[in-house]
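Each chain, letter by letter, is given below.
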Amino acid sequence: MTKPIICVNFKIHSNAFGEKASELASIMSKISKEFDIRLVAAVSAFDLSSITSNFPDLEVWSQHLDPIGIGSFTGSLQPENAFYHGARGTLLNHAEKKISLDQIKNTLSLIPEGMVSCVCAADVNQAKAIAAFNPTMIAVEPPELIGGDISVTTADPEIIKNTVDAVKSVNPNVGVLTGAGIKNGVDVEMAIKLGTVGVLLASGVTKAENPEEVLRDLCSSVFN
Ligand code: G3P
C-alpha cells in the first residue's frame, strides 16, 4: 500500500497565511518525519516560496493554478512558475475556486512533470467526468459539508464509496481523496476503509487550538 495522504488546505484562514502559515508548515514538517504518512500543505501562492525554501522536506502544493503557458499573461498562477518555486502539486476546481471542465482539462495538460494534481469534485458525476482527464487524484467534497462539524465519512459515506467505484470504472490510475468536515483520526481511518487514498481537510487543523495534537491524531490513526 502506498503511504496514505493527509493534505491540509491552508485556505486563507487567519491561522494559516503569512507568518502563521510558516508556523503551521513547521509543525507539519516535524510531524511528517515521525509518521509513515504523506503529509501535504496546500498553501496560498503568496506563501509558497517561503514555505518550500524553509521546509524543503515538506510536500507543498499550490491551492490553484491557471491554464496558461509562459508569455504575455498578467496576474495568473502559471504552472511552471509554481513548480520552479517548489510546488510539487496543485489543487484544482476547489469548491471555493471552481473552474469549467475545459479549464480543468487545459490546466492538467500544462502541469509539469514532477507535479501532481488533485482535482476536487462535488459529486459522483463530476468525479467521473474529471477522471477521464487523468489527474493524479480526485478529492470528493460535498460542498454543504465543507467547514462543518460533521465529517463526510459520517454524514455521507456512500458518496465516498460510490465516487471510488465510479472513478475506478473510468480510470483505475486515479486515486480518490475524502474531503469535507474531516477532523480526527477516526475520520481518516474511515476514509481509508472506504477505498480512498487519504483525506483533504482544512478547518480541523487550521482552526484547531492545538494543530500539532490534531495532526498527530490524524496521522497515528492510520496505523491503529
Ligand atoms: O479543501 C478542504 C476543504 O474544502 C474541506 O474543508 O474545513 O471541511 O476540512 P474542511
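See the structure printed just above.
These remarks concern the structure in this document. Not measured: the values here are computed from a predicted model.

Take the overall build of the protein chain next. Check the secondary structure of the protein chain and you find 10 helices and eight strands. Taking 2.2 N^0.38 as the reference for a compact globule, 224 residues should give roughly 17 Å; the C-alpha atoms of the protein chain span a radius of gyration of 16 Å, in line with that estimate. Taken along its principal axes, the extent of the C-alpha atoms in the protein chain is 50 × 40 × 30 Å. By sequence separation, contacts in the protein chain at least 24 residues apart represent 67% of the contacts at least 6 residues apart. For the protein chain, the accessible area works out to roughly 10,200 Å², and carbon and sulfur atoms hold 51% of it.

Turning next to the packing of helix α1 (residues 19–32) against helix α2 (residues 45–54). With their axes 10 Å apart at the nearest point, α1 and α2 run at an angle of 45° to one another. For the element pair α1 / α2, the angle class is oblique. In the packing of α1 onto α2, the handedness of the crossing is right-handed. Contacts between α1 and α2 involve Ala 21, Ser 22 and Ala 25 from the former and Asp 47, Ser 50 and Ile 51 from the latter. Partitioned by chemical class, the residues of the contact of α1 with α2 number three nonpolar, two polar and one charged.

With respect to the secondary-structure elements, Ala 208 resides in the loop between α9 (203–206) and α10 (211–220). For the pair Ala 208 and Asn 15, spaced 193 residues apart in sequence, the C-alpha separation works out to 9.1 Å. Leaving out residues up to four positions away in the same chain, Ala 208 has contacts with Ser 203 and Val 214.

Let us look at the pattern of salt bridges. Counted according to the given criterion, the structure contains nine salt bridges. Put simply, Glu 96 and Lys 11 hold a salt bridge, and the shortest N to O gap is 2.9 Å. Of this pair, Glu 96 sits in the loop between β4 (89–92) and α4 (101–109) while Lys 11 sits in the loop between β1 (5–9) and α1; the two residues are 85 residues apart in sequence, bridging distant segments of the chain. In this structure, the salt-bridge partner of Glu 59 is Arg 38, at a minimum N-O distance of 2.9 Å. Of the two residues, Glu 59 sits in strand β3 (residues 59–62) while Arg 38 sits in strand β2 (residues 38–43), which places them 21 residues apart along the sequence. Glu 59 gets classed as buried once you look at its relative accessible area, which sits at 18%. Where salt bridges share partners, they join Lys 30, Glu 34, Glu 212 and Arg 216 into one cluster.

Let us look at α2. For α2, every residue scored as buried is listed here: Asp 47, Leu 48, Ile 51 and Thr 52. In a view along the axis of α2, the buried residues occupy a sector of 125°, so they form one face of it. Opposite the buried face of α2, at more than 90 degrees from it, the exposed residues are Phe 46, Ser 53 and Asn 54. One side-chain oxygen at the N-terminal end of α2 lies 3.1 Å from the backbone nitrogen of Phe 46; it belongs to Ser 44.

Here we take up the layout of surface pockets. Of the volumes computed, that of the largest pocket is approximately 300 Å³. As for the largest pocket, its lining consists of 14 residues, of which Ile 12, Gln 63, His 64, Leu 77 and Lys 97 are closest to the centre. Its boundaries defined by the atoms lining it, the second largest pocket holds a volume of some 190 Å³. Lining of the second largest pocket is provided by Ala 45, Leu 48, Ser 49, Ser 62, Leu 65, Ser 76, Leu 77, Gln 78, Asn 81, Ala 82 and His 85. Those elements that provide at least two residues to the lining of the second largest pocket are α2 and α3 (79–84). Top contributing element to the lining of the second largest pocket by residue count: α2, with three residues.

So, about the sheet that holds β3. Spatially, eight strands are ordered β1-β2-β3-β4-β5-β6-β7-β8 in a closed barrel, and the strand pairing comes out parallel. On average, each strand axis in the sheet is tilted by 25° relative to the strand beside it, whichever way the strands run. One ladder, built from four bridges, connects β2 with β3; its direction is parallel. Looking across to β3, one finds that Val 40 is bridged to Glu 59. In this fold α2 packs onto β2 and β3, with an angle of close to 160° to the strand it touches most, β3. Relative to strand β7 (residues 175–179), helix α7 (residues 157–170) is tilted by about 160°, and along the sheet it contacts β6 (137–140) and β7.

Procedures and definitions
Residues numbered from 1 in each chain as written. Predicted model: local features only at pLDDT ≥ 70, side-chain atom pairs only at ≥ 80, totals over all residues. Heavy atoms only, no water. Helix = DSSP H or I, 4+ residues; strand = E, 2+ residues; numbered from the N terminus. Rg over C-alpha atoms; globule rule 2.2 N^0.38 Å. Contact = heavy atoms within 4.5 Å. Areas by Shrake-Rupley, 256 points an atom, 1.4 Å probe, with all protein chains shown as cover. Axes fitted to C-alpha atoms, helices over the stretch in contact; angles between N-to-C directions. Parallel < 35°, antiparallel > 145°, perpendicular 65-115°, else oblique. Left-handed = near helix turned anticlockwise from the far one by under 90°. Nonpolar A, V, L, I, M, F, W, Y, C, P; charged D, E, K, R; others polar. Salt bridge = Lys/Arg side-chain N within 4 Å of Asp/Glu carboxyl O. Buried < 20%, exposed > 50% of the residue type's maximum accessible area, 1.4 Å probe, protein only. Arc of directions from axis to C-beta. Polar contact = N/O pair within 3.5 Å; in protein donor to acceptor, adjacent residues only side chain to side chain. 1 Å grid on protein atoms, 1.4 Å probe; cavity = no way out; pocket = protein on both sides within 12 Å on 5 of 7 lines; lining within 4 Å. Points joined across faces, edges and corners; volume = space filled by probe spheres on them. Pairing = 2+ DSSP bridges.

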